[in-house]
Amino acid sequence: LTQPQKCQGLHVVHIAAEMAPVAKVGGLGDVVSGLSKALQRKGHLVEIVLPKYDCLQDDHISDLKILDVAMESYFDGQLFRNKIWVGIVEGLPVYFIEPHHPSNFFWRGKVYGEHDDFKRFSFFCRAALELLYQAGKKPDIIHCHDWQTAFVAPLYWDIYANKGFNSARICFTCHNFEYQGTTHVSELSSCGLDIVRLNRPDRMQDNFAHDRINPLKGGIVFSNIVTTVSPTYAQEARTAEGGWGLHGTLNIHSKKFVGILNGIDTDSWNPSTDTFLPAQYSADDLHGKEENKDALRLHLGLSSAQAFKPLVGCITRLVPQKGVHLIRHAIYQTLELGGQFVLLGFSPVAHIQREFEGLANHFKDHPDVRLLLKYDDALSHIIYAASDMFIIPSTFEPCGLTQMIAMRYGSVPIVRRTGGLNDSVFDVDDDSIPQQYKNGFSFWSPNELELNNAMERAFNYYSRTPGNWKKLVKKIMTLDFSWETSAAQYEELYVKAVAKARAATSHV
Ligand code: ADP
C-alpha cells in the first residue's frame, strides 16, 4: 500500500460516504473535502477512504490506479476480497474500496437510498478499518461522518484496538440528527460487532425500540470527540424538540460534544473568478452583479421593464426541513412586495415535486416568477450572483451553506433563526447585535406572518435606502466564511484528544 510521506502534523483519516466533487449528495460531501483541504494547508497529513461507487464522478480523480494488494475483510461469517483503488481528489489522497461481494454494494447507480444501506455501509466501515490496519497505518485521528460510517467507532474499540491497531482517537461528526440508520438488532452482527455487548440502552440500542440498533447513537457513545455542524444546532440537538430521540444520549455525552460551523469552499465560490458567470465582479466593483441580473432575466424570460426590481433567489432541496410551505408563500409575498422570484430546487419527495410542478406550470409565462425544478450547478452560480436577496425559511438547518454562498455573491439572506442560520445571519434591525455583525434579515417562528415581516423589512431597506443597501452588499461579500476558522477548531479538538491519549499511555 502507498505509504504517506513523513509529516510533522497530525495524520488524519476521514472515512466517509461522500466527498465533493467525486461523490456529493449534500453538505457532507463539501465538508469532507473542504475540511480536509484546510487541514492539509495547515501541515497535517490527511487521507480519505470512500466506497468505489459506480457513479463516482471520476473525471475529478487524477492518477487513479488499482493497488496490487489482496485485502480481505470480514462480513457475515466469511472473508470477502476487496479491490483497492487510490487516486488524488482536490490534491488529497483518496482510497476507494470496491468489494467483491455478490450484492454489488456500491454498484447501484447512487450513493444512498437502497433497501440494504445498513449492510452496504457496515460492510464498508469494516473494510475501511481493515485496510488501515493491514496497511500498517498509524493515524492520530480517524474521523467518521453520519450514521453510514458511525460503525467505525464501535468496530475500532471492540475489534481493532484489541489487535494493537490503537494509535488513533475517533472523531465523529453528525451532519443531521434526523437520519440515524436504525434497523433490527440482528443485522449488527454481519460486520462482526457483538449484539449481546452492544444492544444495551447505554450503547447502541435505539432509545425507542429495544429490538433495534442505532448506528448514529453508536457513533456518539464510542467516539472520543463528537461534533455537529453549528453551535446552535448542537444546542437544539440536546432538546426533545431537536434531538430526534437522541437528546438524552447527547446530554449524557455532553462533555465531548461541540458544534463547529462549517465553512464554504471560497475558491469555487468566488464571484471575481467564477467562470459560470456571464460577468465577474467583486465588492469593489458591483457592475458585473447588475449584468448577471440582466442576463438571468433574459435567459429565463423574466421582465426587465423595471431594472431596479429586487430579485429574490432560492436554491434548495425541496424537503420538509427546508420549510417548503414558506418557500411557496415567499413566491406570492415577493409578488405582493413588487419583486421577482427565482427558485432552483428539486424534490426527492413525490408529492412535493408534484406540487411544485403545478406551481411552475402556473407561473410559466409570468413576467416575475420562474421555478426551475432540477439540479443545475452552473445555473445555481448565476442565481447566487443575480439575486439581491436569498430566502431560507428552514424549519431546522444543521448548518446550511446557501446563506454563506449567497453572502459571498452579495445576495442578502432572509432566514429563519435556526441551527447554523442563527450562527451566521444577524438581523440588520436587531439592536442587541453590534453593527459590524449585521448582515441580513431573520425571523423566529416558522409562520407566514413572521416571514412576511422579515421580507417587508428587507424590501423597505432595499427601496428606501439604496445607499445603505449597497454598503450592506459590499460588507457581506467580504465576510470570512472560509474553512480556515472552522478547521482551526477541529485541529484544536484533535490535538487535545491526541495529547490526552498520549498522557494516558505514558502513565501505564
Ligand atoms: P443540504 O445539505 O441540506 O441540502 P446545504 O445548504 O448544506 O443544504 O447545501 C446545499 C448545497 O447544494 C449548496 O451548495 C447549494 O447551492 C446546492 N444545491 C441545492 N439544490 C440545488 C439545485 N437544485 N441545483 C444546484 N445546486 C443545488
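Everything numeric in this text was worked out from a predicted model, so none of it was measured.

Asker: Is there a simple way to explain the confidence of the model for the chain in this structure?
Answerer: Any residue range with low pLDDT should be treated as having predicted coordinates unsuitable for detailed reading. For the chain, the average pLDDT comes to 96, and 98% of its residues sit at 70 or higher. Prediction confidence for the complex, expressed as pTM and ipTM, is 0.95 and 0.99 respectively.

Asker: Is there a simple way to explain helix α16 (residues 466–477) in this structure?
Answerer: Residue pairs three or four apart in sequence face the same way in an α-helix, which turns once every 3.6 residues. For α16, with twelve residues, the first-to-last C-alpha span of 17 Å sits near the 16 Å given by 1.5 Å per residue. Those residues of α16 that are buried are in contact with α13 (402–408) and β17 (412–416).

Asker: Teacher, can you tell me more about the nonpolar core here?
Answerer: The nonpolar side chains of a soluble globular protein tend to be buried, and buried together. M19, C125, A128, V152 and I170 are the most contacted members of the largest nonpolar core, which totals 135 residues. Ranked by the residues each element gives to this core, the list is headed by helix α2 (residues 117–134), at ten residues. If you count residues domain by domain, this core takes at least three from each of domain 1 (11–263 + 485–502) and domain 2 (287–480). When near neighbours in sequence (up to four residues on either side) are disregarded, I170 contacts I142, C144, V152, A153, Y156, F222, S223 and N224.

Asker: What's the story with unusual backbone geometry in this structure? I'm lost.
Answerer: In terms of backbone geometry, most residues other than glycine have negative phi values and most peptide bonds are trans. The residue after A20, namely P21, is reached through a cis peptide bond having omega 0°. Considering the arrangement of structural elements, one finds P21 in the loop between β1 (11–15) and α1 (27–41). Unlike most non-glycine residues, D76 shows phi in positive territory, near 50°. Relative to the helices and strands, D76 is located in the loop between β4 (71–75) and β5 (78–89). Not every positive phi belongs to a glycine, and D146 is a case in point at roughly 60°. When the 24 C-beta atoms within 10 Å are taken as the criterion, D146 is described as buried.

Asker: Would you mind going over the site of the ligand with me for this structure?
Answerer: In the neighbourhood of the ligand, 17 residues make up the surrounding shell, with G26, G27, Y375, S380 and L401 lying closest. Looking at the shell around the ligand, the elements that each hand over two or more residues are β13 (311–317), β14 (340–346), α12 (377–386) and α13.

Cut-offs applied
- Sequence order as written defines the numbering, with residues in each chain counted from 1.
- Reporting in this predicted model follows two pLDDT cut-offs: at least 70 for local features of residues, and 80 or more for side-chain atom pairs to be given and counted; totals over whole chains, interfaces and linings ignore these cut-offs and use all residues.
- pLDDT is a residue-level measure of predictor confidence that goes from 0 to 100.
- Only DSSP runs of H or I reaching four residues or more are called helices, and only runs of E reaching two or more are called strands; each is numbered from the N terminus.
- What a helix should span is 1.5 Å times the count of its residues minus one.
- Here contacts are defined at the residue level, using C-beta atoms placed from the backbone and a cut-off of 7 Å between them.
- Put simply, a nonpolar core is buried Ala, Val, Leu, Ile, Met, Phe, Trp, Tyr and Cys residues tied into one set by C-beta atoms within 7 Å.
- The burial label depends on the number of other C-beta atoms within 10 Å of a residue's C-beta. Counts of 20 or more mean buried, 12 or fewer mean exposed, and intermediate counts mean partly exposed, with C-beta atoms placed from the backbone.
- Boundary definitions for the domains trace back to an automatic or database domain assignment.
- The criterion for a residue being near a molecule or strand is simple: its C-beta atom, placed using the backbone, must lie within 6 Å of it.

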